[in-house]
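Examination of the molecular architecture
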Amino acid sequence: MKMNLNGLFWFLIGFAASFIFFWFLSRSKKRQLQTTQANTVSQMASSLRDKISETEAEQAKISVILNNMIEGVVACDKSKRILIMNPSAESIFGISSKSAFGKSLLETTRNPVIDQTMDQAIHQKMRVTEEIELHYPERKTLRLNAVGFEPTEGSQSVSGILVLYDVTEMKKLESMRQDFVANVSHELKTPLTSIKGF
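Just so it is clear, the structure is predicted and the values come from calculations on it, not from any experiment.

1. Quick notes on the nonpolar core
Counting 22 residues, the largest nonpolar core has Val 74, Met 85, Phe 93, Leu 105, Leu 162 and Leu 164 as its most contacted members. Going through the elements one at a time, β1 (72-76), β2 (82-85), α2 (87-93), α5 (112-124), β3 (127-134), β4 (140-148) and β5 (160-166) are the ones with two or more residues in this core. No other element matches α5, which puts four residues into this core. Discounting residues that sit within four places of it in the chain, Leu 162 has contacts with Gly 72, Val 73, Val 74, Leu 105, Ile 114, Met 118, Leu 144, Asn 145 and Ala 146.

Written out as structure tokens, the structure reads:
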């Protein structure tokens, strides 16, 4: 019996040693796994921070460009609801982009030709050019360039962009040039007619 007890004792000691060995081994592997997971999460967080920084930098560039353009720019969704309006467009229509956001193009511009131009561009996915007279908030002549396209992922469903050129001064100068040419032509014809009469 002493032999069996002695064998049982060494068996239990061996079993306990094996258990402790495997327990340390599993804890070591668990720590390695946790360290690997922590490194992976850290790398993902770093990559995400970099992407966010890149996106913010790109957004800042676009914002600077839009805010400093002379031309008015309006971006709409497929229902012609305004998503973006730059300061030049705000000035042309006499409305702030915050109050225009989400409103229909017709409600904001109060001009059916602008609405129809954008509608045609969005539905036909093409570029449409038009020239119009705007009477509110002040009398202006505008050249419209509208382009419609299939919205891309992450574009807030932008389906059309409208670019507005204020050509009022150019039209006034063109009118003055035509008047000048007509006057000069008339002034030159008058002496020639009297000379031919002799």
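Now that the structure has been shown, we can carry on.
2. Observations concerning the pattern of salt bridges
Note that side chains of opposite charge can pair when their charged atoms are close. Taken as a whole, this structure holds six salt bridges when the rule is applied. Between Glu 58 and Lys 61 there is a salt bridge, with the nearest N and O atoms lying 3.3 Å from each other. Taken as a pair, Glu 58 and Lys 61 lie in helix α1 (residues 2-67) at a separation of three residues, close to a single helical turn. Judged by relative accessible area, Glu 58 falls into the partly exposed class, the value being 42%. The network of salt bridges with common partners includes Lys 80, Asp 115 and Asp 119.

3. A short note on the confidence of the model for the protein
In the predicted model, the protein carries a mean pLDDT of 83, and the fraction of residues at 70 or more is 81%. Helix α6 (residues 168-196) is the least confidently modelled element of the protein, averaging 69 in pLDDT, while β1 averages 95, the highest of any element.

4. A closer look at the sheet that holds β3
Backbone-to-backbone hydrogen bonds join strands into a sheet, with any given pair of strands oriented parallel or antiparallel. What the five strands build is an open sheet, ordered β2-β1-β5-β4-β3; its pairing is antiparallel. The outermost strands of the open sheet, each flanked by one partner alone, are β2 and β3. Strand-to-strand twist in this sheet, taken as the mean axis angle between neighbours without regard to direction, amounts to 20°. Bridge count for β3 against β4 is eight bridges, and the pairing is antiparallel. Bridging from a neighbouring strand, Glu 133 pairs with Thr 141 of β4. Sheet contacts for α5: β1, β3, β4 and β5; angle to β4, the most-contacted strand, approximately 20°.

5. Digging into the side chain of Thr 109
You can see Thr 109 is positioned in helix α4 (residues 105-109). Taking the relative accessible area as the measure of exposure, Thr 109 reaches 3% and is therefore buried. At 2.8 Å, the side chain of Thr 109 and the backbone oxygen of Leu 105 are in polar contact. Not counting residues up to four positions away in its chain, the partners in contact with Thr 109 are Phe 93 and Ile 114.

6. Considerations on a nonpolar patch on the surface
On the surface, Phe 11, Leu 12 and Phe 15 cluster together into a nonpolar patch covering about 360 Å² of accessible area. In this structure, Phe 15 sits in helix α1. For Phe 15, a relative accessible area of 54% translates into the label exposed.

7. Here's the deal with the pairing of β4
By the criterion of burial, β4 is predominantly enclosed, with seven of the nine residues buried. The turn joining β3 and β4, which pair antiparallel and follow one another in sequence, is formed by five residues. Bridge count for β4 against β5 is seven bridges, and the pairing is antiparallel. Residue Val 147 lies in a different strand from β5, and its bridge partner there is Ile 161.

Calculation rules
- Residues numbered from 1 in each chain as written.
- Predicted model: local features only at pLDDT ≥ 70, side-chain atom pairs only at ≥ 80, totals over all residues.
- Heavy atoms only, no water.
- Core = buried A, V, L, I, M, F, W, Y, C linked by side-chain atoms within 4.5 Å.
- Buried < 20%, exposed > 50% of the residue type's maximum accessible area, 1.4 Å probe, protein only.
- Helix = DSSP H or I, 4+ residues; strand = E, 2+ residues; numbered from the N terminus.
- Contact = heavy atoms within 4.5 Å.
- Salt bridge = Lys/Arg side-chain N within 4 Å of Asp/Glu carboxyl O.
- pLDDT = per-residue confidence, 0-100.
- Pairing = 2+ DSSP bridges.
- Axes fitted to C-alpha atoms, helices over the stretch in contact; angles between N-to-C directions.
- Polar contact = N/O pair within 3.5 Å; in protein donor to acceptor, adjacent residues only side chain to side chain.
- Patch = residues over 30% accessible without salt bridge, like charges linked within 9 Å, V, L, I, M, F, W, Y side chains within 5 Å.
- Areas by Shrake-Rupley, 256 points an atom, 1.4 Å probe, with all protein chains shown as cover.

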